[in-house]
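Per-entry structural report
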Amino acid sequence: MYRYDQYDQAIVDARVDEFRDQTARRLAGHLTEDQFKPLRLKNGLYLQLHAYMLRVAVPYGTLNGTQMRMLGHIARTYDRGYGHFTTRQNIQYNWIKLEQAPDILADLATVEMHAIQTSGESIRNLSADQYAGAAADEICDPRPWAELIRQATTFHPEFSYLPRKFKIAVIAADEDRIAMRLHDIGLRLVTNDAGELGFEVYIGGGMGRTPFVAPLIRPFLPADNLFSYIEAALRVWNRWARRDNIHKQRIKILVHEMGEEEFRRQVEEEWQAILANASDFPRKELDRIATYFAPPPFETGLVDEIDRTDPDFALWVDQNVKAHKAPGYTIVNISLKPANGIPGDITADQIDLVADLAERYSFDDVRSTHAQNLVLPHVRKADLYAVWQALAASGLAEANLDLVSDIIACPGLDYCSLANARSIPIGQKIAARFADPVRQRDLGELKIKISGCINACGHHHAGHIGILGVDRKGTENYQLLLGGSGAEDASLGRITGPGFDENGIVDAVEKATNVYLAQRQDGERFLDTYRRIGIDAFKEAIYG
Amino acid sequence: MAETTLRFRDDEPHEEPAVSIDAFLDQSNATAVRIEAGEDARLLIPYLDRIALIEVDFPRFRDGRGYSSARILREAGYTGEIRASGDVLVDQMLFMRRCGFDSFAPDAPIDPATLDAALTRYDYVYQPAADDAVPVWKLRHG
């Protein structure tokens, strides 16, 4: 993985110093809360219902064991012994004291981590494929480009008081594992007919109250011009987005209102104007970064068989272990969705265990996923059983990846000051209803995503089954959406009809799955059946 | 209205009151222009050689449109004064300097020690901008 040189370290250290100074000025009353708010948000510090919440950046979802242990240390020292992995591959802590936030940032800086631009109206920490460097279907490792964008967009002087937040995602595979087209900018590495590397550039996706799947704005951007083109798009948006209504200031609204054609024209024009400034990083800098992402020394001649004698182990392998590009290796998904758990939550001891396993079995490499799980990307097949046993002993071997109980949920009204309804207990009730693992496997891939308000942090628009919690005359009410997808077949879910109470929504989900079971044809997932037969059959079963 | 203007230029302050872009485009003899948030700085590009002061207004400190205005003017080769006025806070002034602002007329007074610390805290930057800071990729590769 990438390692800081003296420049990266100096920049992160200066940030700690800056935030310590800003916090001191706030505590001394020299900054008003209104003035301090955007400053703390640019360091990932939110004021939530009960306490401050700190969101720590996990750039493109890549961590090493030392960094994991620091995350465990922070959970123990400054929080209540656990952390929460988010839908943007970051980790957040829910019980932080403002006075201690600078110390946490200082601790993070010792392991080359930070909380820079993890919230606020800035270019956020960017997402990348959690299987990068391990997936068989990638054309190259996207992480060198992700690191280049991280540097290029860190403390960008022109784009630090943007109309709204701005999220970038990068993939290099056919399969989209990170909901790339639901980002402000989605990038997919491709090669053209001449064999040159470039990007498909999608702009204007997003969820929130007005969801859009991003249109393809440029089918092929030469790879070396990535930064200048992003700058051009940001400048068009920064200059011409609305500033009068916070709900209409994301780039997706500008693209939609301006129209795809006109937006593309303006970005191209701006890009031509700034190309001469040579803001693009030279290829030798990309090459320097790429050396840190060279493939680990995979062994050859390894056993390519997995001993499936233990039936529980075999079930876990079938569900949570994915094909690796190197013979004899696998990709291990660690579910953070145990029964009765909180999606994405992990204790300090579990964090330490994952750090140990990464160092011992996965070339010191851990990934976080937008589905709020973790990944050990390079595990030998011969080591799988030992890894599984260690995970099982710590409650981390739930064999439910992409099944009905692998639910994405935002923190909801249990933590969040924006929420209208609770999300976590709804997820727990659904998981309890479908607790039988045989039933879960029979239902197959079924992505349920729950948001506790219209801001859609729980990605409900992109769920095969989405649930949106709203406030209806003072009581929590849950709307059901069907047919969304954040994958390469991206689509937005449709609301089925009137909402439900807390138990009614669980019944409605079950009825929808019953329609699927009755109607499915060979090999169809829930989403496939829905797309084939349409929403009416489901509505009839749910409301009829 | 600002009591003091902080200047990072050696030349004499230009005292002519700034006129609006519309007024400037109508009466061509003004040498100081004021850009409101949301106005197009590129309208001034044909006239930059006879403008001495461009004032960019920040109605709210969270409104970041003025950063792009300043950069566009510098990219077009403008070397006169660019002044940030309005709701300009000390924690924004480093990035404003990087975007090409070289004077400030903030609504509220700025503490000089805090400003000095803010402007000197970062030894390195990741990307080129309108200032002369050298991006780290250039330091890395010479």
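Treat the numbers as computed from the prediction; the structure is a model and nothing was measured. (Residues numbered from 1 in each chain as written. Chains lettered and ligands numbered in written order. Predicted model: local features only at pLDDT ≥ 70, side-chain atom pairs only at ≥ 80, totals over all residues.)

A closer look at the domain arrangement of chain A
Residue and element names in this part refer to chain A. Stated formally: Boundaries between domains were set according to an automatic or database domain assignment. The contact criterion used here is simple: two residues whose C-beta atoms, placed from the backbone, lie within 7 Å are in contact. Polarity classes work like this: nonpolar for Ala, Val, Leu, Ile, Met, Phe, Trp, Tyr, Cys and Pro, charged for Asp, Glu, Lys and Arg, and polar for all others, with Gly in that last group.
If you check the domain split of chain A, you get domain 1 (6-109), domain 2 (134-289), domain 3 (311-393) and domain 4 (408-543). Here the C-alpha centre of domain 4 lies 26 Å away from the C-alpha centre of domain 3. Domain 3 puts six residues into the contact, and the matching count from domain 4 is seven residues. For the side of domain 3 that touches domain 4, the class distribution of residues is four nonpolar, two polar and no charged.

Considerations on the environment of Ala115(A)
All names here are of chain A. Applied cut-off: Going along the chain from the N terminus, every DSSP run of H or I of four or more residues is numbered as a helix, and every run of E of two or more is numbered as a strand.
Residue placement: Ala115 occurs in the loop between helix H4 (101-109) and strand S6 (127-128). For the pair Ala115 and Ile454, spaced 339 residues apart in sequence, the C-alpha separation works out to 25 Å. Beyond its immediate stretch of four places on either side in the chain, Ala115 contacts Asn43, Gly44, Leu54, Arg55, Val56, Ala57, Leu105 and Leu108.

Focus: the sheet that holds strand S18 (residues 465-472) of chain A
All names here are of chain A. Operational definition: Note on pairing: two strands pair once DSSP finds at least 2 bridges between them.
With mixed pairing, the five strands of this open sheet are ordered in space as S16-S17-S18-S19-S20. The open sheet is flanked by strand S16 (408-409) and strand S20 (494-495), the only strands paired with a single partner. With two bridges connecting them, strand S19 (residues 475-482) and S20 associate as antiparallel partners. Bridge pairing in S20 places Leu481 opposite Ile495.

Regarding unusual backbone geometry
All names here are of chain A. With a phi angle near 55 degrees, Phe155 is a residue other than glycine that sits in the positive phi range. Even without being a glycine, His459 presents a positive backbone phi close to 60 degrees. With respect to the helices and strands, His459 occurs in the loop between strand S17 (448-451) and S18.

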